[in-house]
Amino acid sequence: MSMIHPAPASVDAAASSPIYALQAVIREYQQKNRKIRALAGVDLEIREGEFVTIQGPTGGGKSTLLQMLGALDRPTSGAVKLGDVDVAKASNAKLGRVRATEVGFVFQGFNLIPTLTAHENVDMGLEPLALTGADRASRVTEALAQVGLAERADHLPGELSGGQQQRVAIARAIAKRPRVLLADEPTGNLDEHMRDEILELLEGLNRDGLTLIVVTHDSAVARRAHRRLRLEKGSVREI
Amino acid sequence: MYWTYLRRELAGRKKQTIIVAVGLAVAIALVIVVNALSAGVRDAQAQALESVYGVGTDLTVTGAAAEPGEGGGQRFEFDSEAGQTEDGTTSVSQSRLTADFMRGTLGASTVESVASLDGVAAASGALSLTNITFIGEMPDRSQMQQGGPGESGEPPSGGPDGAGGSAFDLNSFTVLGIDPDDTAVGPLSAVEVSEGRALTADDAGELVAVVDATYATTNEIAVGDTIDVGGSDVEVVGIITSTSSDADTAANVYIPLDVAQSLAGLEDVVSTVYVQATSADQIEAVQAEIEGSVADVTVSSQSDLASTVSSSLSSASSLITNLGTWLSILVLAVALALAVLFTISGVTRRTREFGTLKAIGWSNGRVVGQVAGESVIQGLIGGAIGLAIGLAGIGIINLISPTISSTSSTTGQGGPGQGGGPMGGGFGGMAQQTATDVVLHAPVTLWVVAAAVGIAIAGGLIAGAFGGWRAARLSPAEALRSVG
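It should be emphasised that the depicted structure is a prediction, and the values quoted were computed from it without experimental measurement.

What to know about the overall build of chain B
Logical step 1: Within chain B, the regular secondary structure consists of 13 helices and 17 strands.
Logical step 2: For chain B, the proportion of its 484 residues judged to be buried stands at 49%.
Logical step 3: Pairs at least 24 apart in sequence give 85% of the contacts found in chain B among residues at least 6 apart.
Logical step 4: Split by element, the accessible area of chain B, about 21,500 Å² in all, is 57% carbon and sulfur.

Here we look at empty space enclosed by the protein
Residue and element names in this part refer to chain B.
Logical step 1: Throughout the structure, instances matching the rule amount to two cavities of 30 Å³ or more.
Logical step 2: By volume, the largest cavity is sized at about 70 Å³.
Logical step 3: Mapped by element, the contributors of at least two residues to the lining of the largest cavity are α9 (311-349) and α11 (364-400).
Logical step 4: The biggest single contributor to the lining of the largest cavity is α11, with four residues.
Logical step 5: Per-class residue counts for the lining of the largest cavity are two nonpolar, five polar and three charged.
Logical step 6: By volume, the second largest cavity is sized at about 50 Å³.
Logical step 7: Taken together, S124, G125, A126, I178, D179, D182, T183, V185, G186, P187, L188 and Y274 make up the lining of the second largest cavity.
Logical step 8: Element by element, the count of residues in the lining of the second largest cavity is highest for strand β5 (residues 120-139), at three residues.
Logical step 9: Residue composition of the lining of the second largest cavity, by class: six nonpolar, four polar and two charged.

Brief notes about the packing of helix α6 (residues 162-175) of chain A against helix α7 (residues 192-207) of chain A
Residue and element names in this part refer to chain A.
Logical step 1: Running from amino to carboxyl end, α6 crosses α7 at an angle of 15°, the nearest separation of the two axes being 9 Å. Viewed along their axes, α6 and α7 adopt a mutual orientation that is roughly parallel. Along this stretch, α6 crosses α7, giving a crossing that reads as right-handed. Listed contacts from α7 to G162, G163, Q166, R167, I170 and I174 of α6 are M194, E197, I198, L201, L202 and L205.
Logical step 2: Here the residues of the contact of α6 with α7 sort into seven nonpolar, three polar and two charged.

Quick notes on the packing of α11 of chain B against helix α12 (residues 446-473) of chain B
Residue and element names in this part refer to chain B.
Logical step 1: Two elements in contact, α11 and α12, have axes separated by 7 Å at closest approach and are oriented at 150°. Here α11 lies roughly antiparallel to α12, going by the angle between them. Note that α11 runs across α12; the crossing there is right-handed. Residues N364, V367, V368, V371, A372, S375, V376, G379, L380, G383 and L387 of α11 form the contact with α12, whose participating residues are V449, A452, A456, I457, G460, L461, A463, G464, G467, G468, A471 and A472.

Quick look at the interface of chain B and chain A
Logical step 1: Residue-level contacts link 20 residues of chain B with 24 residues of chain A.
Logical step 2: Here chain B meets chain A over a buried area of about 1,900 Å², counting both sides, of which 60% is carbon and sulfur.
Logical step 3: Remark: the boundary between chain B and chain A carries two salt bridges.
Logical step 4: Viewed at the interface, chain A and chain B are joined by eight residue pairs in polar contact (both at pLDDT 80 or more).
Logical step 5: Broken down by element, the residue count for the side of chain B that touches chain A peaks at six residues, all from helix α10 (residues 351-359) of chain B.
Logical step 6: Taken together, the residues that form the side of chain B that touches chain A break down as nine nonpolar, four polar and seven charged.

Looking at the sheet that holds strand β4 (residues 77-82) of chain A
Residue and element names in this part refer to chain A.
Logical step 1: In space, the four strands of this open sheet follow the order β2-β1-β4-β5, with antiparallel pairing throughout. For this open sheet the edge positions go to β2 (34-47) and β5 (85-86), each flanked by a neighbour on one side alone.
Logical step 2: Both strand β1 (residues 18-31) and β2 contribute to a ladder of eleven bridges, which runs antiparallel. Residue pairing for β2: I26 is matched across the bridge by A40.
Logical step 3: Relative to β1, helix α2 (residues 62-69) is tilted by about 125°, and along the sheet it contacts β1, β2 and β4.

Some points on a nonpolar patch on the surface
Logical step 1: A cluster of nonpolar side chains, contributed by I19, L327, L330, V334 and L338 of chain B, occupies part of the molecular surface with about 390 Å² of accessible area.
Logical step 2: With four residues, α9 of chain B is the largest single contributor of residues to the nonpolar patch.

Considering the sheet that holds strand β9 (residues 227-232) of chain A
All names here are of chain A.
Logical step 1: What the six strands build is an open sheet, ordered β6-β7-β8-β3-β9-β10; its pairing is mixed. With one partner strand each, in any of the chains shown, β6 (103-106) and β10 (235-238) form the two edges of the open sheet. Within the sheet, the average angular offset between the axes of one strand and its neighbour, ignoring direction, is 20°.
Logical step 2: With five bridges joining them, strand β7 (residues 180-184) and strand β8 (residues 211-215) adopt parallel strand pairing. Counterpart to D184 in the pairing with β8 is V215.
Logical step 3: Packing against the sheet, α7 makes contact with β3 (51-55), β7 and β8, and its axis sits at approximately 145° to β8.

Details of the pairing of β10 of chain A
Residue and element names in this part refer to chain A.
Logical step 1: Where β9 lies against β10, four bridges are found, and the strand directions are antiparallel. Within the sheet, the bridge partner assigned to E232 lies in β10 and is S235.
Logical step 2: Taking the residues between adjacent antiparallel strands as the criterion, β9 and β10 are bridged by two residues, where K233 takes a positive phi near 50°.

A closer look at the packing of aromatic side chains
Logical step 1: What the rule picks out here adds up to four aromatic pairs over all chains.
Logical step 2: Summarising the aromatic geometry, the rings of F105 of chain A and F107 of chain A are spaced 5.6 Å apart at their centres and angled 5° between planes, so their arrangement reads as stacked.
Logical step 3: For the ring pair Y5 of chain B and W362 of chain B, a centre distance of 6.0 Å and an interplane angle of 90° mean the geometry is edge-to-face. With a gap of 357 residues between them, Y5 of chain B in helix α1 (residues 2-12) and W362 of chain B in the loop between α10 and α11 connect regions that are remote in the sequence.
Logical step 4: The buried category is assigned to Y5 of chain B, whose relative accessible area is 0%.

Reading guide: rules and limits
- The written sequence of each chain sets the order in which its residues are numbered from 1.
- Chains and ligands are labelled sequentially in the order written, the chains with letters from A and the ligands with numbers from 1.
- Residue-level local features of this predicted model are given only where pLDDT is at least 70; pairs of side-chain atoms are given and counted only at 80 or more, and the full residue set underlies all totals for whole chains, interfaces and linings.
- Only hydrogens and water are removed before side-chain values are computed, so all heavy atoms of the structure are retained for them.
- Comment: elements are numbered from the N terminus, with helices defined as DSSP H or I runs of at least four residues and strands as E runs of at least two.
- Relative accessibility under 20% of the residue-type maximum defines a buried residue, over 50% an exposed one, and the middle range a partly exposed one, all with a 1.4 Å probe and only protein chains included.
- In what follows, residue pairs with any heavy atoms lying within 4.5 Å of each other are defined as contacts.
- Methods summary: accessible areas were calculated by the Shrake-Rupley approach with a probe of 1.4 Å, and residue burial reflects only the protein chains presented.
- Only protein atoms enter the 1 Å grid, on which a cavity is a set of points fitting a 1.4 Å probe that cannot get out and a pocket is an open set with protein on both sides within 12 Å along at least 5 of 7 lines, lining residues being those with an atom within 4 Å of a point.
- Grid points are joined across faces, edges and corners, and a volume is the space filled by probe spheres set on the points.
- Residues are sorted three ways: Asp, Glu, Lys and Arg are charged, Ala, Val, Leu, Ile, Met, Phe, Trp, Tyr, Cys and Pro are nonpolar, and all the rest, Gly among them, are polar.
- Interaxial angle, 0 to 180 degrees, is taken between N-to-C directions of lines fitted to C-alpha atoms, where a helix line uses only the stretch in contact.
- Should an angle fall under 35 degrees it is called roughly parallel, over 145 degrees roughly antiparallel, and 65 to 115 degrees roughly perpendicular, with every other angle called oblique.
- Each crossing is labelled by how the near helix is turned from the far one, with a counterclockwise turn of less than a right angle marking it left-handed and a clockwise turn marking it right-handed.
- In short, buried area is how much 1.4 Å probe accessible area vanishes from two parts on joining, totalled over both.
- What counts as a salt bridge is simple: a side-chain nitrogen of Lys or Arg found within 4 Å of a carboxyl oxygen of Asp or Glu.
- A 3.5 Å cut-off defines polar contacts: any pair of N or O atoms within that distance qualifies, except that in protein one atom must be a possible hydrogen donor and the other a possible acceptor, and neighbouring residues in sequence count only when both atoms are side-chain atoms.
- A pair of strands counts as paired when DSSP detects no fewer than two bridges linking them.
- Each patch is built from residues lacking any salt bridge and having more than 30% relative accessible area; the joining distance is 9 Å for like charges and 5 Å for nonpolar side chains (Val, Leu, Ile, Met, Phe, Trp, Tyr).
- Each Phe, Tyr or Trp ring, with Trp reduced to its six-membered ring, pairs with another whose centre is within 6.5 Å; inter-plane angles below 30 degrees give stacked pairs, above 60 give edge-to-face pairs, and intermediate values give tilted ones.

Here it is in structure tokens:
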């Protein structure tokens, strides 16, 4: 197991401090009396401002790694450091605060609440932050404008296209102003045109300094990253 | 945002919200109606008791039941000269005032003894009697004495049918001898004078009476008339009605206690002492003290007396207490089970939603609060509908105002022992009963409304607790993985 250091994808990223430091991370599951090893000793460092893609076969541990990075899951052994926080050792409340402030999530299925408008869905991401109503409203408006949906704020998800729904999900993730945006197959449910729109949006956010980690099967997405990782049989390597 | 999310979720799951709310509504409506009916029946029982024992009577003291052969009272006796003979028919009529059959009596001094005890606010004695009038027509007996059976071979003539036959009739009414100077406790405390006047202290020793309004109407008795009580003409000075518009008074005729004792030949005795305690918490102590200090008496409290109220009122009470309560509990349990199941299934269906919320930083407490809040609101909607249905049900019951008959039985228990009904009391009947028709009202109390709201909130909280517990156990990673 060799430590994978970031490739010098950009001058800014190379000069920045690491946002993630994973050491000998193992994650095992018990499934029907079988022990599944999703991550088999991952060492990885990701610096602030990087755009990293993670590829690999289905069942290779990509989503597990993403959940570890998003403080949604803990390793069976090893250390996952997000800034100063060790995900393996932090309390559930601390992990909740990390997710609320440091990490933004974008899912393949958008995961919007169908009964709430675009504005309200974005607002849901700010719920854990103790902001005033005015602050929240201004952040929501700003995030929707950033993803180009200022005019569709009062639309329900069902009234939006797939690409627009994913933009709302991205707005929900960035409204909290996180340090890192984690995206699990963000273009998996979109056609080529919409995929490009979303990628342009994500690239723009990255250019503004947001660390971007994207799990994808799509080589077109991977090609636009600064750094490409492949996760196979629980082990990660640079491509 | 909390309320917006909650409102949209409930509106988005109309079917589930309606089923849970309606289930709780039916249960809450049942609880409200059953409770109101129970209160109504309790009121009716109190009303029935009040008509018999008066307002404010906490205890009654009665003598031990008489042995068979005792207390039979006077007999009807006709000598050869009795009656008036006209056209071969002899008419006889005789009234007797008797103590109730097998009813023990107490010495009149018992009233003073009881009144002097600690914790007794007032005590009043009464003598419960039955006036029986024997009216008969028979052939002229002088014909029979002249001939003798088998001698002349001619059948007797005369009598009501003109062929030697006879006809007899028995009329009875209940008489209560009361102390006219002390009517604050006892049966006359629950009456009001509708015509004439009430008995006063000056009436002691006088042949005067007040008559129950229903009895007076039935027998066409008015103030100023005289009635035959125990063979004496007694002047009616007043007509009284029960303060409860739905019940008759305790007896048909009320006369001064000393007059009753004299006419019945029962000097210095009473059948019942009505006792009022100084306070409700003194009742048990007073009961014990009377039992300890006065020999051979039965002391009954209101709860003992309540058990003597029978007939359809008792059936209604039993029906509501048993069937109504259990039905309410059953429906409430089913409604709660439905609410819990729907909430849990809702959480399961929303696994991805809650996983996402946890992923974007929502705490467990916030997610649980959301689930519980939705359940409580469903419960409150059910509570509001249930309250409306329940109040409508109570309104319908009060509109119909069903009449329930109650019978206060005093067999072996004591009490005034008024005769009622066609047979009258004390003439061969073991049980002394007073029949009263009581209109059943279902009162709406603040407690009923509070109970409905309480059940609604509790139902919502219980369902929310299960749903919240389920939501809290969801690991965000597992939740997202399971639907990924």
